[in-house]
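Here is what each chain is made of, one letter per residue.
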Amino acid sequence: MIKSFFKTRTILLLTALAVLSSFLLLQKEKPTLYIIGDSTVRNTNRPQCGWGEKIADFFDTTQLSISNQAMAGRSTRTFIKEKRWDKVMSTIKKGDYLIMQFGHNEGSKPDTGRAGYRGVLKGTGEETVELIWPDSTKEIVHTYGWYIRKFITDAKSKGAIPAVASMIPRNDWKDGKVKRADNDYGKWAREVAASEGVAFIDLNAITADKYDAMGPDKVKELFPGDHTHTNEAGATINAASVTEGIRLLKSLELNNYLLQKN
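This one's a predicted model, so the numbers in the text were calculated from it and none came from an experiment.

## Some remarks on the overall build of the protein chain
So, step 1. When helices and strands are counted, the protein chain shows 8 helices and 9 strands.
So, step 2. Looking at the protein chain as a whole, 45% of its 262 residues qualify as buried.
So, step 3. When contacts within the protein chain are restricted to residue pairs at least 6 apart in sequence, those whose partners lie at least 24 apart make up 69%.

## Digging into the nonpolar core
So, step 1. Grouped together as the largest cluster of nonpolar side chains are 32 residues, with contacts concentrated most on Ile36, Trp85, Met100, Phe151 and Val164.
So, step 2. Elements represented by at least two residues in this core include exactly strand S1 (32-37), helix H2 (76-81), helix H3 (84-89), strand S3 (97-101), helix H4 (144-157) and helix H5 (185-196).
So, step 3. When residues in this core are grouped by element, the largest group, 6 residues, is from H4.
So, step 4. Residues Val41, Ile99, Tyr257 and Leu258 belong to the second largest nonpolar core, which totals 23 residues.

## A word on helix H6 (residues 203-214)
So, step 1. Relative to the 16 Å expected for 12 residues at 1.5 Å per residue, H6 spans 17 Å between its end C-alpha atoms, a close match to the ideal helical length.
So, step 2. Taken together, the buried positions of H6 are occupied by Leu203, Asn204, Ile206, Thr207, Ala208, Tyr211 and Asp212.

About the thresholds
- Residues numbered from 1 in each chain as written.
- Predicted model: local features only at pLDDT ≥ 70, side-chain atom pairs only at ≥ 80, totals over all residues.
- Heavy atoms only, no water.
- Helix = DSSP H or I, 4+ residues; strand = E, 2+ residues; numbered from the N terminus.
- Buried < 20%, exposed > 50% of the residue type's maximum accessible area, 1.4 Å probe, protein only.
- Contact = heavy atoms within 4.5 Å.
- Core = buried A, V, L, I, M, F, W, Y, C linked by side-chain atoms within 4.5 Å.
- Expected span 1.5 Å × (residues − 1).

Rendered as structure tokens:
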């Protein structure tokens, strides 16, 4: 009787441990979507809001974790310089995903002043410029494409799956159409994605098409305070554009975690 009791208890305990181990294993293997970028991706200065804060509404988060590591005011250069990318690299793992969206803060000529702190060289080449800071520290500044390429290469080295998104359009119009980024940062993002063999999400074009259809007056309602940062409604539009771009990329496994359209 006693032996039977302990045998049953042991079996129940082992079963419980097996179930717990399986649960923990599943939790550990749950992939993460990392997002890096600037204030158009994450912005806590309400009523402004970044699309990365709304993206979870479009994914099955029981199967995919989302880590929005974007930071307001950062460029590709400063995201690395401030070791924010190192933080991502310390946790990103095989099977995870990465979406990067930069381009809004790179435009100034790179120097050691306040205006040039975030600036990068234009294009996708290997050109560099050396800066010497007041404390005699040297910094090598690269092109926009070089920094995007570094994010891709580093993520791949961890077995993660990177995708490049073009920057969201500003509330900036010409001849009745929203200005595109297809001649500079959007173009360079596309070129690097193609050369590195990774997915390209043309977020700029997808959202710009929506803005054109809405018209200037309606779009203006999405931009409280300036022509760059959207409110929550605008962030939701851009998050939807990201997922639409993902759906166009049939081979991108990130599609498997999107919620089905109603």
